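Letter by letter, the chains look like this.
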Amino acid sequence: GSQGSHGPRRVGGMAYRHYVLLLLLLTYIHCLLSRMLPAFLVSVPVPGCQLACAGTTPAPLCQRQDGWGPPPAGLAEEAVVAYDECQRCRARLGTYGDEGKDGNWFNMEDGACLEQWQYGLLMGYGFAIPFVFGSLLTASVVDSVDRRSMLALMLAAWSAACGMMAA
C-alpha cells in the first residue's frame, strides 16, 4: 500500500525482496568478472608459439623486435637457445614472420610491458584504492542527494562511458 500522495510508498513482499537480491547478485557477478578480465588477458599465449615456448619462461616483448633482455641466469646452452627461439616466435621474427600478430597484440604482459609483480600491484592496490575512495564519495553523495536524481546522473555517466568506449 501507500501512505497517500505525499508519503513514502512501500513496495514489499518476499517476491520483490528476492528480485532485488537477484539483481544485486547479478551486478556483483558482472563487476567481479569485469575486474578479473585483465587477469585473464595478462598471460594469453601467442598462438603458434606453444611448442617453441614449451619449458621456457619468456620475457615481456615491450613493443620491441629485439633487445628484450637476457635469458635468466644459469641456463644451459640448450635452454638459452630455446628462450631465444621462444622470444623470436612471440615477436614474429624470422621464420615466424608470416604467422600474424605478435605477442604485443595478444597479451597485456607484452603489450604494456608489465612484470608479474607490477601487474600484481595494478590488480590489487590499483583497484582497491580508487574503489575505497569512490565508495566514500558515493556514500556521502547518496546521503545528500535525491535518489532518483542520483540514479539518472549515474545512468547518464555510464551511458556516456559506454558510448566513448564504442567510438
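I'd love a proper account of helix α2 (residues 77-90), names of residues and values included.
Every α-helix carries 3.6 residues per turn, so stepping three or four residues along brings you back to the same face. Compared with the 20 Å implied by 1.5 Å per residue over 14 residues, the 20 Å span of α2 between its first and last C-alpha is a close match. Along α2, the residues classified as buried are Y83, C86, Q87, C89 and R90. End-on, the buried residues of α2 take up no more than an arc of 160°, which puts them together on one face. Pointing more than 90 degrees away from the buried face of α2 are the exposed residues E77 and E78. The inward-facing, buried residues of α2 contact α3 (103-106) and α4 (108-111). Two residues or fewer past α2, R92 is found with a positive phi of approximately 60°.

Any chance you could break down a nonpolar patch on the surface for me, citing the residues and the numbers?
A cluster of nonpolar side chains, namely Y16, Y19, V20, L22, L23, L24, L25, L26, Y28, I29, L32 and L33, defines an oily patch on the protein surface of about 1100 Å² accessible area. Inspection of the secondary structure assignment puts L22 in helix α1 (residues 14-41).

Give me the lowdown on the state of the cysteines, citing residues and values where you can.
Counted according to the given criterion, the structure contains 3 disulfides. The disulfide that involves C49 links it to C89, with 2.0 Å between the sulfurs. Measuring handedness by torsion sign, the sulfur bridge of C49 and C89 sits at about -95° and is left-handed. Note that C49 is positioned in the loop between α1 and α2 and C89 in helix α2, a separation of 40 residues in sequence. Note on accessibility: C49 and C89 belong to one class, buried. Each sulfur in the disulfide pair C53 and C86 lies 2.0 Å from the other. In this structure, the disulfide formed by C53 and C86 twists by about 95° around the S-S bond and is classed as right-handed. Note that C53 is positioned in the loop between α1 and α2 and C86 in helix α2, a separation of 33 residues in sequence. For the residue pair C53 and C86, the accessibility class agrees, reading buried in each case.

Which residues make up the layout of surface pockets, and what are the values?
Considering only enclosed or pocket space, the largest pocket measures out at about 590 Å³ in volume. Lining the largest pocket we find 14 residues, and of these H30, C31, L32, S34 and F127 sit closest to its centre. Within the residue set of the lining of the largest pocket, elements represented by two or more residues are α1, α5 (116-144) and α6 (147-166). When residues of the lining of the largest pocket are assigned to their parent elements, the largest contribution, 8 residues, is made by α1. Across the lining of the largest pocket, the residue classes tally to 10 nonpolar, 3 polar and 1 charged. Empty space within the second largest pocket amounts to approximately 290 Å³. What lines the second largest pocket is a set of 19 residues, among which T57, P58, A59, R90 and E109 lie closest to the centre. Taken together, the residues that form the lining of the second largest pocket break down as 10 nonpolar, 6 polar and 3 charged.

The rules behind each value
- Residues numbered from 1 in each chain as written.
- Predicted model: local features only at pLDDT ≥ 70, side-chain atom pairs only at ≥ 80, totals over all residues.
- Heavy atoms only, no water.
- Helix = DSSP H or I, 4+ residues; strand = E, 2+ residues; numbered from the N terminus.
- Expected span 1.5 Å × (residues − 1).
- Buried < 20%, exposed > 50% of the residue type's maximum accessible area, 1.4 Å probe, protein only.
- Arc of directions from axis to C-beta.
- Contact = heavy atoms within 4.5 Å.
- Patch = residues over 30% accessible without salt bridge, like charges linked within 9 Å, V, L, I, M, F, W, Y side chains within 5 Å.
- Areas by Shrake-Rupley, 256 points an atom, 1.4 Å probe, with all protein chains shown as cover.
- Salt bridge = Lys/Arg side-chain N within 4 Å of Asp/Glu carboxyl O.
- Disulfide = S-S within 2.5 Å.
- 1 Å grid on protein atoms, 1.4 Å probe; cavity = no way out; pocket = protein on both sides within 12 Å on 5 of 7 lines; lining within 4 Å.
- Points joined across faces, edges and corners; volume = space filled by probe spheres on them.
- Nonpolar A, V, L, I, M, F, W, Y, C, P; charged D, E, K, R; others polar.

By themselves these figures say nothing about function.
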